Amino acid sequence: GSLEEGSTAGWAKLGTGTNIASYTDRATARDGDRYGATNVAVADGSIYQDVAIAAKPGESYTLSVWLRARHAAPMRGKLVLWATGGGTSVNEVETFSLTQDWQLVSVTFDSTVTRSQLRAQIYMSDTNATNTLYFDGATLIPNGLRNGSLEEGSTAGWAKLGTGTNIASYTD
C-alpha cells in the first residue's frame with residue numbers, strides 16, 4: 001500500500017493511455033519515502049489491484065487510499081471497491097475531487113453476495129496528462145463486524161445488553 005518496495009508491483013492499469021509509476025521523494029510522499037503517480041489520456045482510465053480476499057454476505061470491507069493532485073487544478077475521480085469472481089461483479093463507489101493536499105479517501109463495501117476476490121480501483125475522470133494523481137498508503141481491511149451497516153435488512157450480528165435496550169434495522 002505504501003509503495004516502499006520502490007515499484008508499482010501489484011498495481012495494474014486499465015484503459016488506453018493510463019500511466020503509472022513509483023517515485024522516491026520523502027518531501028512528497030505521504031507514507032515513507034515513496035509514492036505512486038498516475039494519469040490518463042482517456043476519461044475513466046484506472047489503476048487497480050486484485051486481492052485474494054473472498055467477499056461473504058454480512059461482511060464489510062474498507063478500502064482507504066491517500067490521494068492528491070500534483071498541480072493546483074482540481075482532479076476528479078472515483079475510488080471503487082469491487083467484489084468479483086463467481087457471479088455478477090458488485091461494487092461500492094466514493095467520488096473525489098483532489099487538491100494539492102493529501103486527502104484520505106475511503107469506500108466501504110457491505111457484501112450481500114459471495115465472490116472470490118476483491119478489487120481496489122482508482123478511476124480518474126480528468127484527462128489532463130499534465131496533472132497527475134499521486135497515491136500512497138493504500139489499505140484494504142475486513143471490518144470484522146457482521147452486518148456492520150445493517151445491509152442484511154435485519155439486526156443479525158448485533159445483540160442487546162441491558163434492560164430497556166432496543167435495536168432495529170430500518171430502510172430509508
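See the structure printed just above.
What comes next is a walk through the structure. (Residues numbered from 1 in each chain as written. Predicted model: local features only at pLDDT ≥ 70, side-chain atom pairs only at ≥ 80, totals over all residues. Heavy atoms only, no water.)

### Considerations on unusual backbone geometry
A negative phi angle characterises most non-glycine residues, just as the trans form characterises most peptide bonds. We note that aspartate 44 has phi near 70 degrees; this positive angle belongs to a residue other than glycine. As for its placement among the helices and strands, aspartate 44 is situated in the loop between strand S3 (34-39) and strand S4 (45-51). Residue class for aspartate 44 comes out partly exposed when judged on its relative accessible area of 37%. (Helix = DSSP H or I, 4+ residues; strand = E, 2+ residues; numbered from the N terminus. Buried < 20%, exposed > 50% of the residue type's maximum accessible area, 1.4 Å probe, protein only.)

### Topic: the nonpolar core
One finds Val65, Leu67, Ile122, Leu133 and Phe135 to be the most contacted residues of the largest nonpolar core, which totals 26 residues. For this core, the element with the most residues is strand S5 (residues 60-69), which contributes five residues. With sequence-adjacent residues up to four places away left out, valine 65 is seen in contact with Leu79, Gln103, Leu104, Val105, Ile122, Phe135, Asp136, Gly137 and Ala138. In terms of nonpolar packing, the next biggest core, distinct from the first, is built from five residues, Ala29, Tyr35, Ala37 and Trp102 among them. (Core = buried A, V, L, I, M, F, W, Y, C linked by side-chain atoms within 4.5 Å. Contact = heavy atoms within 4.5 Å.)

### Description of the packing of aromatic side chains
Applying the stated criterion across every chain yields a total of three aromatic pairs. Between tryptophan 11 and phenylalanine 135, the aromatic rings sit 5.3 Å apart at their centres with planes inclined by 65 degrees, giving edge-to-face as the arrangement. In this pair, tryptophan 11 sits in the segment before strand S1 (12-14) while phenylalanine 135 sits in strand S10 (residues 133-142), placing the two residues 124 residues apart along the sequence. With respect to class, tryptophan 11 is no different from phenylalanine 135; both count as buried. When the ring of tyrosine 35 is compared with that of tyrosine 134, the centres are 4.7 Å apart and the planes differ by 55 degrees; the resulting orientation is tilted. Pair noted here: tyrosine 35 is in strand S3 and tyrosine 134 is in strand S10, with a separation of 99 residues, a long-range link. (Phe/Tyr/Trp six-rings, centres within 6.5 Å; stacked < 30°, edge-to-face > 60°.)

### Quick look at the sheet that holds strand S8 (residues 103-110)
Read across the open sheet, the five strands follow the order S2-S3-S10-S5-S8; overall the sheet is antiparallel. Each having just a single partner strand, strand S2 (19-24) and S8 make up the two edges of the open sheet. Each neighbouring strand pair of the sheet contributes to a mean axis angle of 35 degrees, computed without reference to strand direction. (Pairing = 2+ DSSP bridges. Axes fitted to C-alpha atoms, helices over the stretch in contact; angles between N-to-C directions.)

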